Every structure is written in structure tokens, then in C-alpha cells.
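Below are the chains, spelled out letter by letter.
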Amino acid sequence: MRLTGKVAVVTGAASGMGKAIAELYAAEGAQVVVSDLRVEAAQAVVEGIEAKGGVALAVAANVAKEEDVQQLIDAAVEKYGTVDILVNNAGIMDNFVPAAELTDDLWERIFAVNTTGPMRTIRKVLPLFLEKKAGVIVNIASAGGLFGSRAGAAYTASKHAVVGLTKNVGFQYATQGIRCNAIAPGGVNTNIGTSINAPSPFGMERAMVGIQVNPRAGEPEEIAKVALFLASDDASFVNGTVVTADAGWTAY
Ligand code: NAD
């Protein structure tokens with residue numbers, strides 16, 4: 001058990017990678033706060049964890065709202081006393097909308113969830129981490145946060161920003177027992193494609209052109225294993241970096 005005694009907050013944990021991360025962390029001994037917009041689905045994840053003997057709490061939180069983020073971290077501290085691990089996983093995708101088609105509204109919606117959300121959760125947990133000189137942050141970025149051609153403009157920019165945030169936080173707090181890393185998954189079998197109602201102006205055929213070279217789609221559990229490594233002491237010398245998990249898609 002690699003996370004015994006740790007308290008982990010996972011955002012967007014009602015489905016996909018967040019769910020897989022919450023379940024694996026709980027199986028490794030963490031007390032897990034399963035947070036999502038969709039609290040009923042988060043509660044179902046909690047019940048699944050409890051059925052296997054794990055410990056978890058569902059908390060409704062929209063990471064795009066400052067007051068929700070405050071309530072999320074407060075709820076974790078009230079229930080479990082602290083936060084040791086923060087996983088910024090909640091995210092939405094703009095379905096390959098190129099810059100010429102972008103509206104301010106879409107740009108702001110994507111950034112509010114994918115970039116401002118992680119900034120806010122990080123800002124809230126850092127005082128806890130600094131007090132105990134310990135803490136781990138795992139941000140779920142994207143291959144689109146490293147390479148530009150395979151997602152929409154807002155999504156790509158928002159995930160590049162998450163990579164920058166990760167590197168900055170990793171560096172700034174490196175001497176204080178805090179680590180901050182990101183994972184850049186390639187295509188993973190989840191519901192992200194339906195996260196907003198914005199069909200691709202190209203049609204999915206065109207949108208998938210870059211994706212055809214993807215060796216295969218990943219499963220959420222494969223990303224969860226990377227997130228477990230980064231959260232655990234096994235990654236004690238890993239900080240301020242991005243781990244790609246994409247079966248080699250972005251290697252060429
Ligand atoms: P998913 O849609 O299955 O899960 C995302 C979860 O986030 C959902 O449960 C959703 O309800 C929640 N969510 C959305 N907006 C939220 C908000 N404002 N506040 C709180 N929760 C919110 O998708 P997924 O693929 O598991 O996505 C997880 C992360 O992985 C995202 O950050 C996504 O950008 C990233 N990612 C996904 C892929 C992929 O191919 N699926 C690839 C690279 C990166």
C-alpha cells in the first residue's frame with residue numbers, strides 16, 4: 001500500500017481518469033475526496049470504493065467557481081484533517097475548434113475549468129502543504145499541452161498553461177517538501193468528447209487525422225498508475241516535470 005494515511009483530493013473524479021485515480025488511490029490506502037460537478041456520480045464512485053473496504057467522501061464542486069474550490073478543500077480538511085495529495089483532473093474539451101472559429105465564451109469556459117481551476121485548487125492547498133513542508137500535486141495536462149495540432153485552440157492553450165503552471169509550482173516550492181508534476185495522456189477511452197456541446201467545424205473525420213497515428217487508445221487505469229507513481233514516495237526525486245503516457249504517440 002503506497003498511500004497509507006494520505007488524504008487525496010481528486011477533481012473530476014466521477015468518471016474517466018479521475019474515477020480510476022480515486023479508486024486506485026483508495027486501494028493503496030488513501031482517504032479520497034471524490035469531487036465532481038456531478039455529485040450523484042461521485043457518490044456512486046465513493047460507494048464502489050467503500051464496497052471494497054476503502055475510505056472516500058463525495059463533494060460537489062465546480063472547479064470553475066472560487067467558492068466551490070474553497071468549500072472542497074474545507075470539506076477535505078473538516079473530514080480528514082488535512083490534504084496530502086491534490087489531483088487536478090477535471091477538464092473539458094472543445095472538440096477541435098480552430099482559432100478562427102473560437103468565441104470568447106468558449107475560450108473562457110475552457111480556461112475556467114482546465115487552467116483557472118487547477119490554479120485555484122493549488123492556491124488553496126499550498127498553505128496546508130507549506131505548514132507541514134509536504135504535499136504532492138498531480139495535474140492532468142494532455143499531449144495537446146505539449147504538441148499543438150491534435151486538439152482545439154482553446155484546449156491546446158489551456159493545457160500548455162497547465163504545463164507552465166506545473167513547472168512554476170514545482171520549481172518555486174521544491175525546497176519546501178512539495179512536488180508538482182503533470183501527466184500528458186494521449187487519447188484515452190473516456191467521455192471527454194461529450195464534455196461540451198460543440199461539434200467540430202471540420203467534422204470528426206478531419207479532427208481525427210492526427211489521431212490516426214496514435215498507436216492505440218489508453219485506458220483510464222493506465223493513467224491512474226502513472227498518477228499513483230507521481231503521488232507516492234517512489235517519485236520523491238520527480239518534480240516540475242511532465243510525464244507523457246501515450247504508448248509513444250508523441251515520440252515522433
Ligand atoms: P471525463 O469527461 O470522463 O471526465 C472528466 C470529469 O470532469 C467528468 O466527471 C466531469 O463531470 C468533470 N468535470 C467537468 N467539468 C468540471 C468542473 N467544472 N468542475 C468539476 N468537475 C468537472 O474525461 P477524462 O478524459 O477522464 O478527463 C480527465 C482529464 O484528462 C481532463 O483534464 C482531460 O482534459 C484530460 N485528458 C483527456 C484525454 C482523453 O483522451 N480522454 C487526453 C488527454 C488529457
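Throughout, a residue's number is its position along its own chain's written sequence, starting from 1. Thresholds applied to this predicted model are a pLDDT of at least 70 for local features of residues and 80 or more for the giving and counting of side-chain atom pairs; totals over whole chains, interfaces and linings are not thresholded and use all residues. With hydrogens and water stripped out, all remaining heavy atoms of the structure feed into the side-chain values.

- As annotated in an unreviewed UniProt entry, the protein chain is 3-ketoacyl-ACP reductase from Paenibacillus glycanilyticus.
- UniProt positions are given in the numbering used here, feature names are shortened, and annotations may be inferred rather than shown by experiment. Under the UniProt heading Sequence similarities (unreviewed entry), the entry covering the protein chain gives this text: "Belongs to the short-chain dehydrogenases/reductases (SDR) family."

### Brief notes about the site of the ligand
Step number 1: The near set for a molecule or strand comprises every residue that places at least one heavy atom within 4 Å of it. For the ligand, the set of nearby residues contains 28 residues, the closest of which are Asp36, Asn62, Asn89, Tyr155 and Thr190.
Step number 2: Pairing of N or O atoms within 3.5 Å defines a polar contact, subject to two protein rules: one partner must be a possible hydrogen donor and the other a possible acceptor, and residues neighboring in sequence count only if both atoms are side-chain atoms. The contact in question runs from a nitrogen atom of the ligand to an N or O atom on the backbone of leucine 37, over 3.5 Å.
Step number 3: Lysine 159 places a polar side-chain atom, nitrogen or oxygen, 2.8 Å from an oxygen atom of the ligand.
Step number 4: For the purposes of this entry, the term helix denotes a DSSP run of H or I that reaches at least four residues, the term strand denotes a run of E that reaches at least two, and both are numbered from the N terminus. When residues of the shell around the ligand are traced back to their parent elements, those giving at least two are helix H1 (16-27) and helix H5 (153-172).
Step number 5: Residue composition of the shell around the ligand, by class: 14 nonpolar, 11 polar and three charged. Residue classes follow a fixed rule: Ala, Val, Leu, Ile, Met, Phe, Trp, Tyr, Cys and Pro count as nonpolar, while Asp, Glu, Lys and Arg count as charged, and any other residue, Gly among them, counts as polar.

### What to know about the pairing of strand S1 (residues 7-10)
Step number 1: Relative accessibility thresholds used throughout: buried, under 20% of the residue-type maximum; exposed, over 50%; partly exposed, between the two (1.4 Å probe, protein chains only). Residue alternation in S1 divides its side chains into two sets, Val7 and Val9 and Ala8 and Val10, and both sets are buried.
Step number 2: As judged from the four bridges shared by S1 and strand S2 (residues 31-36), these two strands associate in the parallel manner. Across the sheet, valine 9 pairs through a bridge with valine 33, a residue of S2.
Step number 3: With respect to chirality, the unit in which S1 leads through H1 into the neighbouring parallel S2 is right-handed. Between any two strands, at least two bridges found by DSSP are needed for them to pair. We call a crossover right-handed when, viewed with the strands running away from us, the connection from the first strand over the helix to the second turns clockwise.

### Description of the sheet that holds strand S5 (residues 135-140)
Step number 1: Spatial strand order, S3-S2-S1-S4-S5-S6-S7: seven strands in an open sheet with parallel pairing. A single partner strand is all that each edge strand has here, and the edge strands are strand S3 (55-60) and strand S7 (242-245). If you compare each strand with its neighbour and ignore which way they point, the axes differ by 20 degrees on average.
Step number 2: Whether two residues touch is decided by their heavy atoms; if any such pair falls within 4.5 Å, the residues are in contact. Only the contacting stretch of a helix is used when fitting its axis, a line to C-alpha atoms as for every element, and angles between N-to-C directions run 0 to 180 degrees. Here helix H3 (residues 66-80) sits on the sheet in contact with S1, S2 and S3, set at roughly 150 degrees to S3.

### Points about the side chain of threonine 11
Step number 1: Within the secondary structure, threonine 11 sits in the loop between S1 and H1.
Step number 2: Taking the relative accessible area as the measure of exposure, threonine 11 reaches 1% and is therefore buried.
Step number 3: There is a polar contact of 3.0 Å between the side chain of threonine 11 and the backbone nitrogen of alanine 90.
Step number 4: Apart from the residues lying within four places of it in its own chain, the contact partners of threonine 11 are Ser35, Val63, Leu72, Val87, Asn88, Asn89, Ala90 and Thr121.

### Focus on the pattern of salt bridges
Step number 1: Here a salt bridge means any side-chain nitrogen of Lys or Arg lying within 4 Å of a carboxyl oxygen belonging to Asp or Glu. Summed over all chains, the structure comprises eight salt bridges.
Step number 2: Between arginine 38 and aspartate 36 there is a salt bridge, and its shortest N-O distance comes to 3.9 Å.
Step number 3: Look at aspartate 36 and you get buried, because its relative accessible area is 8%.
Step number 4: The residue glutamate 66 makes a salt bridge to arginine 123 at a minimum N-O spacing of 2.9 Å. Residue glutamate 66 is located in helix H3, and its partner arginine 123 is located in helix H4 (residues 104-132); the two are separated by 57 residues in the primary sequence.

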